[in-house]
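Chain and residue survey
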Amino acid sequence: MSQPVELSLEQKFSIRSFETQVERMSHEQAQDFLIKLYEQMIMRETMYRHFLKHQWGLEPDPQMP
């Protein structure tokens, strides 16, 4: 069984700061924020997938003839 990833102290602080920020949001602000956050997660996943395909040679390089 693999070990869980341990967050740095800085990352833990960032999470706590984020938690405080979210607690101060209105319901509508929180909903809008979640939608934007989800969009960013999908974009990041797409970029990682594209990067890995390129690095592993699974898709042609558009700059190569």
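Structure report, in brief. (Residues numbered from 1 in each chain as written. Predicted model: local features only at pLDDT ≥ 70, side-chain atom pairs only at ≥ 80, totals over all residues. Heavy atoms only, no water.)

1. Quick notes on the overall build of the chain
- Scanning the chain from terminus to terminus reveals 2 helices and 0 strands.
- Buried residues in the chain amount to 2% of all 65 residues. (Helix = DSSP H or I, 4+ residues; strand = E, 2+ residues; numbered from the N terminus. Buried < 20%, exposed > 50% of the residue type's maximum accessible area, 1.4 Å probe, protein only.)

2. Describing a nonpolar patch on the surface
- Nonpolar side chains collect at one region of the surface, where F51, L52, W56 and L58 lie side by side and expose about 480 Å² of accessible area between them.
- With respect to the helices and strands, L58 occurs in the segment after α2 (27-55). (Patch = residues over 30% accessible without salt bridge, like charges linked within 9 Å, V, L, I, M, F, W, Y side chains within 5 Å. Areas by Shrake-Rupley, 256 points an atom, 1.4 Å probe, with all protein chains shown as cover. Salt bridge = Lys/Arg side-chain N within 4 Å of Asp/Glu carboxyl O.)

3. Some remarks on the packing of aromatic side chains
- Enumeration according to the criterion identifies 1 aromatic pair in this entry.
- Ring centres 5.4 Å apart and planes at 40° place the aromatic pair F18 and F33 in the tilted group. In this pair, F18 is assigned in helix α1 (residues 9-23) and F33 in helix α2, connecting sequence segments 15 residues apart.
- Its relative accessible area of 35% is what places F18 among the partly exposed residues.
- Look at F33 and you get partly exposed, because its relative accessible area is 27%. (Phe/Tyr/Trp six-rings, centres within 6.5 Å; stacked < 30°, edge-to-face > 60°.)

4. Re the pattern of salt bridges
- Summed over the entire model, instances satisfying the criterion amount to 3 salt bridges.
- Ionic pairing is found between E19 and R16, a salt bridge with its closest N-O pair at 3.1 Å. Placement of the pair is E19 and R16 together in helix α1, with a separation of 3 residues, close to one helical turn.
- Measuring nitrogen to oxygen at the nearest pair gives 2.5 Å for the salt bridge that ties R49 to E45. With R49 and E45 both in helix α2, this residue pair falls 4 residues apart, about one helical turn.

Honestly, that's just the spatial picture; any functional story needs more than this.
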